[in-house]
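So the chains spell out like this:
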Amino acid sequence: MVKSFPATGDGVKTRRAAKEEASTLVKLLTESAVALSHTDVDMAKQQAALARRVKLRFNVRLDPSLRGFTCRGCKGLLVPGVNARVRLGHGKTTILRVTCADCGHVNRKIVKRP
Ligand SMILES: [Zn+2]
């Protein structure tokens, strides 16, 4: 069966609006989860999981400033001081190592190159 999309552009516009709405919702949910993580970790994790579901459903990206709050290993919420340990490594390059307390994955981020 061939799925038809209206050629009028009406459907496209609606989908774009839904995507924009989803994008703001994901941003709000993630910000809320980070703020809430200091008091209620379980609720914050639920919010982060919901944000991820919305993100995948509508194929939207998370705001770059909030990308650091997601673990690359377990895709869960990652908040330094709550469920993450931050260490700074000085070698040839300066690397920020954020270790997830939930799955143990080390999220590395290059801070400064020589
Ligand atoms: Zn993790």
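A short tour of the structure in this document, coming up.

**Some thoughts on the overall build of the protein chain**
Looking only at helices and strands, one finds 2 helices and 3 strands in the protein chain. Seen in sequence order, the protein chain has helices and strands lined up from the N terminus as α-α-β-β-β. With 114 residues in all, the protein chain has 24% of them scored as buried. Long-range contacts, defined here as pairs at least 24 residues apart, represent 38% of the contacts in the protein chain between residues at least 6 apart. Of the roughly 8500 Å² of accessible surface on the protein chain, 54% is carried by carbon and sulfur atoms.

**Examining unusual backbone geometry**
The residue N59 is not glycine, and still its phi comes out positive at about 55 degrees. Here N59 lies in the loop between α2 (41-58) and β1 (84-90). What makes N59 exposed here is its relative accessible area of 61%. Positive phi values are uncommon outside glycine, yet K75 reaches one of about 60 degrees. One can find K75 in the loop between α2 and β1.

**Things to note about the side chain of N107**
Tracing the sequence through the fold places N107 in strand β3 (residues 106-112). Of note is the side chain of N107, whose polar atom sits 2.9 Å from the backbone nitrogen of R72. Residues contacting N107, with those up to four places away along its chain left out, are C71, R72, G73, L78, L96, R97, V98 and C100.

**Digging into the side chain of Q47**
Inspection of the secondary structure puts Q47 in helix α2. Judged by its relative accessible area of 18%, Q47 falls in the buried class.

Rules used in this analysis
Residues numbered from 1 in each chain as written. Predicted model: local features only at pLDDT ≥ 70, side-chain atom pairs only at ≥ 80, totals over all residues. Heavy atoms only, no water. Helix = DSSP H or I, 4+ residues; strand = E, 2+ residues; numbered from the N terminus. Buried < 20%, exposed > 50% of the residue type's maximum accessible area, 1.4 Å probe, protein only. Contact = heavy atoms within 4.5 Å. Areas by Shrake-Rupley, 256 points an atom, 1.4 Å probe, with all protein chains shown as cover. Polar contact = N/O pair within 3.5 Å; in protein donor to acceptor, adjacent residues only side chain to side chain.

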